[in-house]
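What the coordinates show
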Amino acid sequence: MPADGQTLAPNVYDAEPIPEAARAEIDRLLASGDLFRYTAPEGAPVALLEQEFADLMGAKYALAVASCSAALFLSLKALDLPRGARVLIPAFTFAAVPSAVVHADCVPVLVEVGENYRVDMADFAAKLDGADAVMISHMRGHTSDMDAIMALCDARNIPVIEDAAHSLGTEWHGKKIGTIGKIGCFSFQSYKLVNAGEGGILITDDPEIAARCVIMSGAYESNWKKHPGMQNSYMLWQNKLPLYNMRMQNLSAAVIRPQLPLVATRVEKGRTGHDRVAATLNTSAHLTVPAALPPEERAPDSIQFNLCGDWSDAQALAFQAEAKKRGVAVQVFGLSDGNARAFWNWEFLGPQPDLPQTRAMLMRACDVRLPTRLTEAELDFIAAAIVAAAETVRGRIAA
Ligand SMILES: *Cc1c(COP(=O)(O)O)cnc(C)c1O
C-alpha cells in the first residue's frame, strides 16, 4: 500500500504461480533425465496426470498432449471425418479453433454468437443440416445452451467436441463441462486455470476414440500398452493411423499435477471475484455483464462485459485509454488490432460470409483478466476504474 492509502493498480498479467510441491519432482526428473513419457515402464508423471484428470472429471479416458489445439485436432482426426467435412464452430472463439479444423482437412462453418457471447441457436439450427461435426467453443468459459445443442446433434447423429480450454470447473446442470459432448478438450497454457506454460488434455468415454487419439498422438510401436483399458481397440488401430507426435513430456505433468487439487479453490475464488466485479459494473448505465444461462455454474478467471447504449468506436477506444490511465487493461475484442478472437482476422480461412450479429458484439464487448489470486481490494480497484473510465467518456448516469 502506498502512503496515501490507495491500492496500487493490481497486476493481472502474471499467470497462476506454480506450487512449491512441483519442485521436488522436477528436480528428480532433471537428475534422472527421465523426461519422455514412455521411458518408464509405469507410473510416468504424464500417465499419472491422465489418471488423476480422468478421475477429477469422472471420464473413462484422458490423453495428455502438447496443447489444447493439438487435442482439438486429434479429436477431429479420431472422428474419421471425410476430407472437406463441415464442422460448425462459434464465430466468437480463439483462432486456434478454426485452425484445428483446417489442420484436420475439414471446413469450418461459422455460427453467429449473441451479445451474451453464446451460440445463437437459430443460426446453429439453420446451419446444422449438412454438418458432419460440431465443435463448441465455450469461449472465456461462457457455456452455450448445451441442452439444445445436444438435442439437435443427437437427433442427427452429429458428434459434438467441446473446446473446454477455458472452462475447467464449469458445470451445466451440475455436469462438468467437457463431459457432455463425445470429447472434451482442455488447455494448460499459462492463461488458463492450470498453468503449465503449454499443454492440453482430452477426455472421452469412447474407447475407440481414445485409442485412435492415443496412437495418433505418438504412441508408436507398443507404447499404447502404457495406456490402460483399451487393449482390444489398440490392436485394431496399431499401424493403421498416422503418428502426429503431439505428446506431453514429464516436466509439464510435474507442473500440472500439484495444481489439480487447487482447481476447486481457484474455481470458487474466480467465481466470487468475477461476481463481485460484475455487481459493480452492472450499477453503471454504460456497462452490462450478460447473465449466465440458468443451468450454468461458471468458473471464470476473467470478465467480459458490453458497452451498452450507442457508443461510437472512438468512444469505445477512449474508454480503453481511460481505463489504461487508471491502471486497468481493457480490451474491446473487435477494436484491438489483429485480435485473434475476431473472426475477420482469420484470413487463412479465405472469404467468409459476414456475421453481423457476432461482429456487432465484438465491437462493444470488453475483456479484462481477473486472475483468481486477486484480493477483494484489488477486484474493487479494477471495478471502480472501469466504471470511472466509462463515466469519463459518457458522463455520469445511474443504471
Ligand atoms: C486457449 C484456448 C485455446 C487454445 O489452447 P492451447 O492450449 O493454447 O492450444 C482454444 N480455445 C479456447 C477457447 C482457448 O481459450
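Predicted, not measured: the structure shown is a model, and the values here were computed from it.

The rules behind each value
- Residues numbered from 1 in each chain as written.
- Predicted model: local features only at pLDDT ≥ 70, side-chain atom pairs only at ≥ 80, totals over all residues.
- Heavy atoms only, no water.
- Helix = DSSP H or I, 4+ residues; strand = E, 2+ residues; numbered from the N terminus.
- Rg over C-alpha atoms; globule rule 2.2 N^0.38 Å.
- Buried < 20%, exposed > 50% of the residue type's maximum accessible area, 1.4 Å probe, protein only.
- Contact = heavy atoms within 4.5 Å.
- Areas by Shrake-Rupley, 256 points an atom, 1.4 Å probe, with all protein chains shown as cover.
- pLDDT = per-residue confidence, 0-100.
- Pairing = 2+ DSSP bridges.
- Near = heavy atom within 4 Å.
- Polar contact = N/O pair within 3.5 Å; in protein donor to acceptor, adjacent residues only side chain to side chain.
- Domains from an automatic or database assignment.
- Buried area = accessible area lost by both parts, 1.4 Å probe.
- Salt bridge = Lys/Arg side-chain N within 4 Å of Asp/Glu carboxyl O.
- Axes fitted to C-alpha atoms, helices over the stretch in contact; angles between N-to-C directions.

**Quick look at the overall build of the protein chain**
Along the protein chain, the regular secondary structure elements total 13 helices and 14 strands. Computed over C-alpha atoms, the radius of gyration of the protein chain comes to 22 Å, within 12% of the 21 Å expected from 2.2 N^0.38 for 399 residues, which places it in the range of a compact globule. Looking at the protein chain residue by residue over its 399 residues, the buried ones come to 53%. Long-range contacts, defined here as pairs at least 24 residues apart, represent 71% of the contacts in the protein chain between residues at least 6 apart. By element, 54% of the accessible surface of the protein chain is carried by carbon and sulfur atoms, the whole surface being about 16,600 Å².

**Things to note about the confidence of the model for the protein chain**
As a note on interpretation, predicted positions should not be read in detail where pLDDT is low. When pLDDT is averaged across the protein chain, the result is 95; 97% of the residues are at 70 or more. The low-confidence segment residues 1-5 (pLDDT under 50) makes 3 contacts with residues lying over four places distant or belonging to another chain.

**Re the pairing of strand 5 (residues 160-163)**
Residue alternation in strand 5 divides its side chains into two sets, Val160 and Glu162 and Ile161 and Asp163, and both sets are buried. Relative to strand 5, strand 4 (residues 133-137) is paired through 4 bridges, and the arrangement is parallel. In the strand pairing of strand 5, Val134 is matched with Val160.

**Let's talk about the site of the ligand**
For the ligand, the set of nearby residues contains 14 residues, the closest of which are Cys68, Ser69, Asp163, Ser187 and Lys192. Within the side chain of Ser69, an N or O atom sits 2.6 Å from an oxygen atom of the ligand. Between the ligand and Ser187, the relevant distance is 2.7 Å, taken from an oxygen atom to a side-chain nitrogen or oxygen of the residue. Here the ligand has 390 Å² of accessible area as a free molecule, and 92% of this is covered by the chains.

**Structural notes on the domain arrangement of the protein chain**
Each assigned domain of the protein chain is listed here: domain 1 (21-261) and domain 2 (262-398). Look at where the C-alpha atoms of domain 1 and domain 2 centre, and you get two points 27 Å apart. Taken together, the 43 residues of domain 1 in the interface contact 37 residues of domain 2. When domain 1 packs against domain 2, close to 3,500 Å² is buried across both sides, 58% of that on carbon and sulfur atoms. Counting the surface domain 1 buries against domain 2, the share from its top three residues, Tyr117, Arg140 and Leu193, is 20%.

**Thoughts on the environment of Glu297**
Following the sequence through the fold, Glu297 ends up in strand 11 (residues 296-297). By relative accessible area, which is 40% here, Glu297 ends up partly exposed. Taking the C-alpha atoms as reference points, Glu297 and Arg271, separated by 26 residues in sequence, lie 8.7 Å from one another. Non-local contacts of Glu297, meaning those with residues more than four positions away in its chain, are made with Gly169, Thr170, Glu171 and Arg271.

**Observations regarding the pattern of salt bridges**
Enumeration over the complete set of coordinates arrives at 22 salt bridges. We note a salt bridge from Arg257 to Glu52, for which the minimum N-O separation is 2.7 Å. Linking Arg257 in the loop between helix 9 (250-256) and helix 10 (263-281) with Glu52 in helix 2 (residues 45-57), this pair joins segments that are 205 residues apart in sequence. Among the residues examined, Arg257 registers a relative accessible area of 23% and is labelled partly exposed.

**Here we look at the sheet that holds strand 3 (residues 107-111)**
Overall, mixed pairing links the 7 strands, which are arranged 1-9-8-5-4-2-3 in an open sheet. Every interior strand has two partners, whereas the edge strands, strand 1 (61-65) and strand 3, have only one. Within the sheet, the average angular offset between the axes of one strand and its neighbour, ignoring direction, is 20°. This element, helix 5 (residues 121-128), spans strand 2 (86-90), strand 3 and strand 4 of the sheet and lies at about 145° to strand 3. Docked against the sheet, helix 7 (residues 207-218) engages strand 1, strand 8 (183-187) and strand 9 (200-204), running at close to 20° with respect to strand 1.

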